[in-house]
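Residue strings, one per chain:
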Amino acid sequence: MICNGQLLLKMQPIVGMLGAKVQHNGVSHGLSEAGYDIRLKQTVEFYSRWNEPRVAVDGKEAPGRFALASAMEIFDMPPDLVGIVHDKSTWARHGLSVFNTVIEPGFKGGLTLELVYHGGSYLKLPEGTGIAQVLFHRTQMPAQYTGKYQNQSSEPVAPIMTE
């Protein structure tokens, strides 16, 4: 079952949840019909320099069409709720994919987003813009995330490899 509306506001999986949609930079964020639209914490730019794809996150440039960024929202997931991150239609129509991350029951902290741009023209994603939609589902049994990304920073976190 997807949790939305007043039930989602009551469960408070996001610290300081907005009870309605808000427009910023032409894209909405906040409580949506089926979930919650989260915002981008950094400005991300995809462009081509000398025919090579480049990406810049808060002005720091790197080669390629992949970027780690983060959501402005901080998560405090109840033990009976799981969140699934999905693309926002507006950005998908520009050729941007936001990987479909799972936010486990009991997860606390910032959310790192994995972005891939499939387009060929310049694309700027301003800080504070709605970037992805999270759909929240109830679990049959309570669970508690104890993984390596628990209580992670609100800045992008690189992969943590364990043996």
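Residues numbered from 1 in each chain as written. Predicted model: local features only at pLDDT ≥ 70, side-chain atom pairs only at ≥ 80, totals over all residues. Heavy atoms only, no water.

K.L.:
Sorry, what's going on with the layout of surface pockets here?
P.N.:
If a probe as big as a water molecule is rolled over the atoms, it shows which places are left empty. Estimated volume of the largest pocket: approximately 270 Å³. Secondary structure elements with two or more residues in the lining of the largest pocket: strand S11 (102–103) and strand S12 (108–117). Counting residues per element, the lining of the largest pocket draws most heavily on S12, which supplies 3 residues. Among the residues making up the lining of the largest pocket, the classes are represented as 10 nonpolar, 3 polar and 2 charged. (1 Å grid on protein atoms, 1.4 Å probe; cavity = no way out; pocket = protein on both sides within 12 Å on 5 of 7 lines; lining within 4 Å. Points joined across faces, edges and corners; volume = space filled by probe spheres on them. Helix = DSSP H or I, 4+ residues; strand = E, 2+ residues; numbered from the N terminus. Nonpolar A, V, L, I, M, F, W, Y, C, P; charged D, E, K, R; others polar.)

K.L.:
What should I look at first to understand the nonpolar core in this one?
P.N.:
Note that soluble globular proteins tend to have their nonpolar side chains buried in a common cluster. Among the nonpolar cores identified, the biggest contains 38 residues, and Ile38, Leu115 and Ile131 are the most heavily contacted of them. Among residues more than four places away in sequence, those in contact with Ile131 are Ile38, Arg39, Leu40, Lys88, Trp91, Leu96, Val98, Leu113, Leu115 and Leu125. (Core = buried A, V, L, I, M, F, W, Y, C linked by side-chain atoms within 4.5 Å. Buried < 20%, exposed > 50% of the residue type's maximum accessible area, 1.4 Å probe, protein only. Contact = heavy atoms within 4.5 Å.)

K.L.:
Quick question: what am I supposed to make of the sheet that holds strand S10 (residues 96–98) here?
P.N.:
Whenever strands of a sheet pair, they do so through backbone hydrogen bonds, lying parallel or antiparallel. Overall, antiparallel pairing links the 3 strands, which are arranged S8-S12-S10 in an open sheet. Each having just a single partner strand, strand S8 (66–76) and S10 make up the two edges of the open sheet. Ignoring which end each strand starts from, the neighbouring axes of this sheet average 30° apart. Direction of pairing for S10 relative to S12: antiparallel, over a ladder of 3 bridges. The residue of S12 that forms the bridge with Val98 is Leu115. (Pairing = 2+ DSSP bridges. Axes fitted to C-alpha atoms, helices over the stretch in contact; angles between N-to-C directions.)

K.L.:
I keep staring at the pairing of strand S9 (residues 81–87) and nothing clicks. Help me out?
P.N.:
Two faces belong to every sheet, and in a regular strand the side chains alternate between them. Taken together, the 7 bridges between S9 and strand S14 (residues 130–138) define a ladder with antiparallel strand orientation. Each residue of the ladder has a partner; that of Leu81, found in S14, is Arg138. Judged from the 2 bridges that link them, S9 and S11 form a sheet pairing that is antiparallel. Bridging across to S11, Ile84 finds its partner in Val102.

K.L.:
When you look at the confidence of the model for the protein chain in this model, what are you seeing that I'm missing?
P.N.:
Close reading of the predicted structure is inappropriate where its pLDDT is low. Averaged over the protein chain, the pLDDT score is 93; the fraction of residues at 70 or greater is 98%. The least confident element of the protein chain, judged by mean pLDDT, is strand S5 (residues 44–49) at 86; the most confident is S11 at 98. (pLDDT = per-residue confidence, 0-100.)

K.L.:
For this particular structure, what's the right way to read the pattern of salt bridges?
P.N.:
Where side chains of opposite charge bring their charged atoms close, a pairing between them can arise. The tally for this structure, following the rule as stated, stands at 7 salt bridges. Residues Lys41 and Glu155 are paired through a salt bridge, measuring 2.9 Å at the closest nitrogen-oxygen approach. Of this pair, Lys41 sits in the loop between strand S4 (36–39) and S5 while Glu155 sits in the segment after S14; the two residues are 114 residues apart in sequence, bridging distant segments of the chain. Close ionic contact of Arg138 with Asp80 constitutes a salt bridge, the shortest N to O distance being 3.2 Å. Of this pair, Arg138 sits in strand S14 while Asp80 sits in the loop between S8 and S9, and the two are 58 residues apart along the sequence. Judged by relative accessible area, Asp80 falls into the partly exposed class, the value being 22%. (Salt bridge = Lys/Arg side-chain N within 4 Å of Asp/Glu carboxyl O.)

K.L.:
Help me out: how do you make sense of unusual backbone geometry in this one?
P.N.:
Glycine aside, the phi torsion of most residues is negative, and most peptide linkages are trans. Here the phi dihedral of Asp58 falls at roughly 50°; this positive angle occurs in a residue that is not glycine. Within the secondary structure layout, Asp58 lies in the loop between strand S6 (52–57) and strand S7 (60–63). Unusually for a residue other than glycine, Asn151 sits at a positive phi of about 60°. Assignment of secondary structure puts Asn151 in the segment after S14. Overall, Asn151 belongs to the exposed group, its relative accessible area being 58%.

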